[in-house]
Amino acid sequence: MLEEKISEINSGFNQDIVTIKDQKQLEELRIKYFSRNGLVSQLFNELKNASKEEKPVLGKSLNTLRNDLTARFDSLKVKLEISKEKEEDKIDLSLPGTRRIIGSRHLITQTLDEIKTIFKGLGFSVVGGPELESDYNNFGALNFPPNHPARDMQDTFFITEDFLLRTHTSPVQIRVMEKYKPPIRVIMPGLCYRNEAISSRSYCVFHQVEGLYVDTDVTFAELKGTLVSFAQQFYGEGLKYRFRPSFFPFTEPSAEMDITCFLCHGKGCRVCKHSGWLEILGCGMVDPNVFDNVNIDHEKYTGYAFGMGIERTALLKYGIDDIRIFFENDFRFLRQF
Ligand code: DAH
């Protein structure tokens, strides 16, 4: 009797197990065979009624049945779990893709690159110099008198008594003239530091591009021609410009170059402080004292130099009203360029 039931349950299980497709059906299978009142447990209950002689034999068959069915149940369970995971891994081709943000060059880098390209086209090479400078290169060799206000602790980040974070790119002029013999025609871009109150117009770090041309017979007319050509390429052809006399310790004579305000086209607005003009750079003829400091014969050679602030230049060109935005690295700003 029990023997027959064992084989019935075995074949019944064989039929049932092949129909199982998901976890729910698997659970139904478990309840049908292995729960407290399941078919396998029922058989164990019936074992009580078997005769003493039959008991060990039937008990053994029952155990074998139970172990066999449990093993097959477990392996099906594992199989179903794996295929469920695979199902979850499937790619849904109808899902919208993850958008990847493509990086771009910072607006300041773009501006610097553009300036470099223009000056390379005019015959200039590009040279760099260190941001940590000697007091001598930053001031002394550039003909700043010992008590000049620019050396003041309020403007300059001094590292030691003799070393500082350069306040302009002009000290690279000194390095270049100490190292190379004329003719020299270079631009010198780089970072500068000033201990200034931070506002929409000034920041403690900024970029400058310095220019220097030294040769026999370099004239102020050449300086003007070069800078006008630069400004027209950079700001646009129809631009109006003017040179105003100015003062820098390392140039004589010195000038500042203005262009018409492109926001108001010269009518006068907040940006140009109602003058119609925007100052874009300082320039002049290299002071003979500077030539003396680097052992270049000022009887034989003349030269011009110029320097411009890049953040300021980019502000003007792209109509941006706060210099601090260049250093915040806010994606919403950077992505626009
Ligand atoms: N170094 C000056 C500054 O930071 C800018 C400058 C003016 C540079 C005149 C020059 C120059 O080379 O000739 O304000």
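For the structure itself, look to the data block above.
Residues numbered from 1 in each chain as written. Predicted model: local features only at pLDDT ≥ 70, side-chain atom pairs only at ≥ 80, totals over all residues. Heavy atoms only, no water.

Side note on the sheet that holds strand S4 (residues 184-193)
This is how it is decided: Pairing between strands requires that DSSP locate at least two bridges from one strand to the other. Think of it this way: any DSSP run of H or I at least four residues long counts as a helix, any run of E at least two long counts as a strand, and we number them from the N terminus.
Strand order across the open sheet formed by seven strands is S1-S4-S5-S9-S8-S7-S6, with mixed pairing between neighbours. The open sheet has two edge strands, strand S1 (125-126) and strand S6 (241-248), and neither has a second partner. Where S1 and S4 come together, two bridges link them in parallel fashion. Bridge pairing links Val126 to Ile187 in S4.

Here's the deal with unusual backbone geometry
The linkage connecting Pro182 with the following residue, Pro183, adopts the cis geometry, with an omega of 5°. With respect to the helices and strands, Pro183 occurs in the loop between helix H7 (171-179) and S4. In this chain, Glu252 is followed by Pro253 through a cis amide linkage whose omega measures -5°. As for its position among the elements, Pro253 is in strand S7 (residues 251-260). Positive phi, normally seen in glycine, also occurs at Lys273, with a value near 50°. Tracing the backbone shows Lys273 in the loop between S7 and strand S8 (277-286).

Structural notes on the site of the ligand
Note the following rule: Each residue is tested against the molecule or strand, and it is near if at least one of its non-hydrogen atoms lies within 4 Å. Polar contacts, as used here, are pairs of N or O atoms within 3.5 Å; protein pairs need one atom able to donate a hydrogen and one able to accept it. Residues neighboring in sequence count only if both atoms are side-chain atoms. Methods summary: accessible areas were calculated by the Shrake-Rupley approach with a probe of 1.4 Å, and residue burial reflects only the protein chains presented. Residues were grouped as follows: Ala, Val, Leu, Ile, Met, Phe, Trp, Tyr, Cys and Pro as nonpolar; Asp, Glu, Lys and Arg as charged; and all remaining residues, including Gly, as polar.
Residues in close proximity to the ligand total 15 residues, the closest being His168, Ser170, Arg194, Gln208 and Glu210. The contact in question runs from an oxygen atom of the ligand to an N or O atom on the side chain of Arg194, over 2.9 Å. At 3.0 Å, a side-chain N or O of Gln208 approaches an oxygen atom of the ligand. Here the ligand loses 89% of its free accessible area of 350 Å² to cover by the protein chains. Only strand S5 (205-215), S8 and strand S9 (302-309) provide two or more residues apiece to the shell around the ligand. Residues of the shell around the ligand, tallied by class, amount to five nonpolar, eight polar and two charged.

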